[in-house]
Amino acid sequence: MRSPIPPLPPRKSQYGIDPSLVRRRVSELPGITSLLAKDLFPELPDVIMPGPGGIPAVRRAAEAALAAVDMARIQPGHTVNVLASHHGFTLLGGEPYAEMLKAIKDVIQSRTGCKSIRLRAGVGLRFRETEEYIRRFGLDRHFGDGKAIGIAPIDQAIPIDTEIGTLYGIKKAYDADWIVHAHNSDVREVHFHRQVDRAVKPFGMSYARIETRSTYHQNLGPRAANFIARAIFDSPFVQSKFAFACFLTMSPNGIVGVDADRDLYALNDRITRSGCSLYGRMMTLFGEIDECIVAVDFPCPVVYTFAAGVIYANFAGANTDLYDLELPLPAYTWYTEAFYGRAGRPLLPEIPSLNPAIRMCVHNYAWTGYPSAFFSEHIPTVIVGREQAELFDRDAQNSTYTRHARILDTTEEAMAYARKVTGTDKILIFDGAFGGINLSEPLADLLVKRAPEVSRRVDQELLPKWLRQRGIPIAA
Amino acid sequence: MRTIRMLAEVDAALCTGCTICDRVCPSLAIVTDRKVHLASVDADRCSGCPACEQRCPEGAIHMVVREKPFDIGVKVPPEDRERVDALCRAARFHPEQLVCYCTGTRAEEAAAAILQGAHTPEEISFRTGIRTGCTVECLQPMLRLLDAAGLKPVPPKGGWQWYGRTVTAWDIPEAVKKRYAERGFYFDEDIEILERVVNAPSQDP
């Protein structure tokens, strides 16, 4: 039995309980083993992290990728905003993404002579989150005093004329001569973006105002929503400022490298192909799980805790094919949640239920700052620790989360309770383990057994369909 | 119904009167006195969202637990049911459709508030609690409902609470739909789903 992979330690944040209150990680319990993602799918690419090269390998990859990017338009007297997003700081502890941001700044400065290079780091629904990362990773010192700031969707707006009417960006994101789009290819919210224009999404989200984000999540529909991002990116205003994009390229087993391009859509096609192939493989495998207890145990909101790159929100929809665009509504997305009526049932009969394989969720450690009551309402949930429950009760986004959950004092009690009630010994831990998954042995056996057939099915049946639906040529 | 447990409190020693807090408050509960450069909170209007606390550049605002939590919300009176449902459907929402994921506010509640005299997003927020969780995702439903009611609210003067209504699925130009049909955007198919939801039967007898 392989030892568990040590998960990221709890992180001090205003959105989570104090790290000292996380007394036990689920992966420390007896009977927990681990699988490397490459053990399941040997065809996954080699990665630079985790690996012996460490952070310097990310720096070298960023510099190599940026060497091929034309920066001639940036003049010494210009201003440049490097646009970043919170999510990158959850990948392998966050330091690799921070290092890429530092490398972008250094390369622009050395190649162009430009000295006014600022960091504008956007957020999801936790408006101080990137401020915490800026300090944690020394980005404030690296970019210079006052040049690295967090931006939030309720900050002052700038109207942007698009081919579908006026949308709104965050003014501080665009208050420079040039913008650099610094992101990553980790799939994360496939229930929202459906791997359609994944590379473009922050223009409709973390760089956007509430008017725009509300349009995405309320006005367009589940498969048209991400067009908002394309409309903004294609606007003459944004095009006049766009210098280039630089992405940390990801796989379920870690960081593959860095990709940079002045053509965002060319980069988008590359990550659409890799996203469908790599993450689609892992998600399809997770769809094979017949029953399990989920344990969430990572410093981020409940839905974003992840195992081998698959977030809990997506495992909650793994009973359906999230990549198949013929499926209008995944089991979980905000449109789906909106379409549950007063009686707690879907308004349309074809709306799929949340993944019935999830027999119970043990919430050992996760953050506030994302509306999560839909999960505790529809999936039996146990929260570890009164302090954590009280934190959620005080969170304006989760005022009913604990109402649907049971609260137990310790991790051991919670897991024992879950085992007893569900009768299953299959446990899947969403703790962001680097390079693999922490899980129980019976579940490991199941995944190892099913992986080869999943691999064949993805390559021969699903991937060609997924790429065809997105207009991406099958051959790279 | 939303339970208000928290209250914003201003630390006068730290407040510089920069006005950011009153520009972002969704229920207009916080006001800066520009003469003395100090923000103050109307505890009766504060809905307990942390927008001001999260954007204060000085860390001068703290969210504290209220001594007496209270519920806010708007009920749909039976005599208004038909008008409420009609308003929701005119805005292309099912009456039971959730329009705020944090507070669990449904379209019918926001519509009832409008019919009872809430004629701005801020007043709807104050009465129902909508947009007092994340404060991000539920603006457009309010603007669509107000528009369907024939109301033309204007944003708070000098505020950043909101700037304008935006496109819906039904407004996407045909040329745009055609141009991007091969790139994975399912505009018309999504409209079909949205309309089926709007016209779905109620779950209650």
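Preceding block: the structure.
Residues numbered from 1 in each chain as written. Chains lettered and ligands numbered in written order. Predicted model: local features only at pLDDT ≥ 70, side-chain atom pairs only at ≥ 80, totals over all residues. Heavy atoms only, no water.

**A look at the sheet that holds strand S17 (residues 436–440) of chain A**
All names here are of chain A.
- The sheet built from 7 strands is open, its strands ordered S1-S17-S16-S10-S13-S14-S15 with mixed pairing. Each of the sheet's edge strands pairs with one partner strand only, and the pair in question is strand S1 (32–36) and strand S15 (405–408). Strand-to-strand twist of the sheet, defined as the mean angle between neighbouring strand axes without regard to direction, takes the value 25°.
- As paired strands, strand S10 (residues 292–301) and strand S16 (residues 427–430) are joined by 4 bridges and run parallel to one another. Counted as the bridge partner of Ile293 is Ile427 from S16. (Pairing = 2+ DSSP bridges. Helix = DSSP H or I, 4+ residues; strand = E, 2+ residues; numbered from the N terminus. Axes fitted to C-alpha atoms, helices over the stretch in contact; angles between N-to-C directions.)

**Points about the sheet that holds strand S4 (residues 148–150) of chain A**
Residues and elements named next belong to chain A.
- Read across the sheet, 6 strands follow the order S4-S3-S2-S7-S8-S9 without closing on themselves; strand pairing throughout is mixed. Only two strands of the sheet have a single neighbouring strand rather than two, namely S4 and strand S9 (254–261). In this sheet, adjacent strand axes meet at a mean angle of 20° when their direction is disregarded.
- Note that strand S7 (residues 178–184) and strand S8 (residues 242–251) share 6 bridges and pair parallel.

**A closer look at the pairing of strand S6 (residues 165–170) of chain A**
- As paired elements, strand S5 (residues 157–162) of chain A and S6 of chain A share 6 bridges and run antiparallel to each other. Bridge pairing in S6 of chain A places Pro159 of chain A opposite Tyr168 of chain A.

**Some words on empty space enclosed by the protein**
Residues and elements named next belong to chain A.
- Enumeration according to the criterion identifies 12 cavities of 30 Å³ or more in this entry.
- Space inside the largest cavity adds up to approximately 270 Å³.
- In this structure, the largest cavity is lined by 24 residues; those nearest its centre are His86, Arg188, Glu189, Lys201 and Met205.
- Broken down by secondary-structure element, the contributors of at least two residues to the lining of the largest cavity are helix H6 (190–193) and helix H7 (210–219).
- In the lining of the largest cavity, the residues fall into 9 nonpolar, 8 polar and 7 charged.
- Every residue lining the second largest cavity is counted, 18 residues in all, and those nearest its centre are Leu92, Ser251, Pro252, Phe306 and Gly309.
- Split into classes, the residues belonging to the lining of the second largest cavity amount to 9 nonpolar, 8 polar and 1 charged. (1 Å grid on protein atoms, 1.4 Å probe; cavity = no way out; pocket = protein on both sides within 12 Å on 5 of 7 lines; lining within 4 Å. Points joined across faces, edges and corners; volume = space filled by probe spheres on them. Nonpolar A, V, L, I, M, F, W, Y, C, P; charged D, E, K, R; others polar.)

**Digging into the side chain of Glu99 of chain A**
- By the secondary structure assignment, Glu99 of chain A is in helix H3 (residues 95–112).
- Residues contacting Glu99 of chain A, with those up to four places away along its chain left out, are Ile55, Val58 and Arg59 of chain A. (Contact = heavy atoms within 4.5 Å.)

**Focus on helix H5 (residues 121–128) of chain B**
All names here are of chain B.
- Where H5 is concerned, the buried positions are Pro121, Glu122, Ile124, Ser125 and Thr128. Looking down the long axis of H5, one finds its buried residues gathered within 160° of arc, a one-sided arrangement.
- Elements that come into contact with the buried residues of H5 comprise strand S1 (2–10), strand S4 (61–72), strand S6 (105–106), helix H4 (107–115) and helix H6 (139–148). (Buried < 20%, exposed > 50% of the residue type's maximum accessible area, 1.4 Å probe, protein only. Arc of directions from axis to C-beta.)

**Focus: the pattern of salt bridges**
- In total, this model carries 50 salt bridges over all chains according to the counting rule given.
- Ionic pairing is found between Arg55 of chain B and Asp155 of chain A, a salt bridge with its closest N-O pair at 2.8 Å. Taken as a pair, Arg55 of chain B in helix H2 (residues 51–55) and Asp155 of chain A in the loop between S4 and S5 lie in two separate chains rather than in one.
- Among the ionic pairs, Glu192 of chain B bridges to Arg196 of chain B, the shortest N-O distance being 3.9 Å. With Glu192 of chain B and Arg196 of chain B both in helix H8 (residues 187–198) and 4 residues apart, this pair spans about one turn of that helix.
- Here Glu192 of chain B falls in the partly exposed class, since its relative accessible area comes to 40%.
- Each of Arg342 of chain A together with Arg81, Asp85, Glu96 and Glu108 of chain B takes part in a single network of salt bridges with overlapping partners. (Salt bridge = Lys/Arg side-chain N within 4 Å of Asp/Glu carboxyl O.)

**Topic: the packing of H5 of chain B against H6 of chain B**
Residues and elements named next belong to chain B.
- Packing of H5 against H6 brings their axes to within 10 Å, and their N-to-C directions diverge by 110°. Compared by their axis directions, H5 and H6 come out roughly perpendicular. Note on packing geometry: the crossing formed by H5 with H6 is right-handed. For the pair H5 and H6, the contacting residues are Pro121, Ile124 and Ser125 in the first and Leu139, Met142, Leu143 and Leu146 in the second.
- Looking at the contact of H5 with H6, its residues break down into 6 nonpolar, 1 polar and no charged. (Parallel < 35°, antiparallel > 145°, perpendicular 65-115°, else oblique. Left-handed = near helix turned anticlockwise from the far one by under 90°.)

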